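Okay, here's what each chain looks like letter by letter:
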Amino acid sequence: WNLEFFSSILPAACISENLSTLQAISLRYLSAFYPLLLILLTYIFLKFYEYDFKPVSVITRPIHKCCVRLRSYYDLQFSLVHTFATFLLLSYTKVAYVSYSLLAPTQIYNASGTLVTSRAWYFDASVILFKGDHIPYGILAMAILIVYNILPVILLLVYPMKPFRKCLYKLKLNSVALNLFMDTFQGCYKDGTADTRDLRSFSCLYFLLRLFFILVRLLATYGWHWG
């Protein structure tokens, strides 16, 4: 997953000697997200195959019978949703860790011990958080942290609530794919039927604990001062 298998095959190499620390840490997103690219490429390929796109048909002609048999066994949407759910589980911690790293502050003091700033970036004290060169990387980290790490937690928490599902229905956002995605994480919990308490919101605890312990680990390791 972390692309470490390349190190046993290829010699050590540097992408560029001119990379800044911000750029180097941001590149860690690539090793976290590259399976998502594979999922998207697979989906596009299968859609082209479904619509009999000629170049794809030529490529798959030798294994056409196998492809037809696989299509009869597997539902494309169901398989892709479950694959994405697995991808989310495997990449969740690393994505959050990289985002936290790009937003990590530290304090700078002068020779007399006076606080100069509490918004310097931990890995490069010459960089001030959300100023100058840090702005695009800070926005990127915040956006990914909110969309990829926080939004799924909120969805898992509120999706079992009837008012929220009614809102989704009225806005026509309660799609089959979303239902499948939620059921992947919540299907093992009681759903409130048969006179039982609805416990599906408990599924978000798994992700909340990950976010919490990542933050605790970083604070314990680097002793960052948040202020």
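What you see is a predicted model; the values in this text were computed from it and never measured. (Residues numbered from 1 in each chain as written. Predicted model: local features only at pLDDT ≥ 70, side-chain atom pairs only at ≥ 80, totals over all residues. Heavy atoms only, no water.)

With that out of the way, let us pick up the packing of aromatic side chains. Here the structure, examined in full by the defined rule, presents 13 aromatic pairs. Measuring from centroid to centroid gives 5.9 Å for Phe84 and Phe87, while their planes differ by 40°, and the two rings are tilted. Of this pair, Phe84 and Phe87 both sit in helix α5 (residues 76-102), three residues apart, roughly one helical turn. Seen in terms of ring centroids, Phe185 and Phe207 are 5.5 Å apart; in terms of plane orientation they differ by 75°. Their pairing is edge-to-face. One end of the pair, Phe185, is in helix α8 (residues 176-186); the other, Phe207, is in helix α9 (residues 205-222), and 22 residues separate them in sequence. For the pair Phe185 and Phe207, one class covers both residues: buried. These aromatic residues form a ring-pair network of at least three members: Tyr29, Phe33, Phe84, Phe87, Tyr92, Tyr148, Phe181, Phe185, Tyr206 and Phe207. (Phe/Tyr/Trp six-rings, centres within 6.5 Å; stacked < 30°, edge-to-face > 60°. Helix = DSSP H or I, 4+ residues; strand = E, 2+ residues; numbered from the N terminus. Buried < 20%, exposed > 50% of the residue type's maximum accessible area, 1.4 Å probe, protein only.)

We now examine the pairing of strand β3 (residues 124-128). Sheet topology places strand β2 (residues 115-121) next to β3; two bridges connect them, and they run antiparallel. Looking at β3, one finds that Ala120 is bridged to Ile128. (Pairing = 2+ DSSP bridges.)

Here we take up the sheet that holds β2. Pairing is antiparallel across the open sheet formed by three strands, whose spatial order is β1-β2-β3. Each of the sheet's edge strands pairs with one partner strand only, and the pair in question is β1 (105-109) and β3. Between one strand axis and the next, the sheet turns by 55° as a mean value, whatever way the strands run. Relative to β2, β1 runs antiparallel, the two being bridged by four bridges. Note that in β2 the partner of Ile108 across the bridge is Thr117. (Axes fitted to C-alpha atoms, helices over the stretch in contact; angles between N-to-C directions.)

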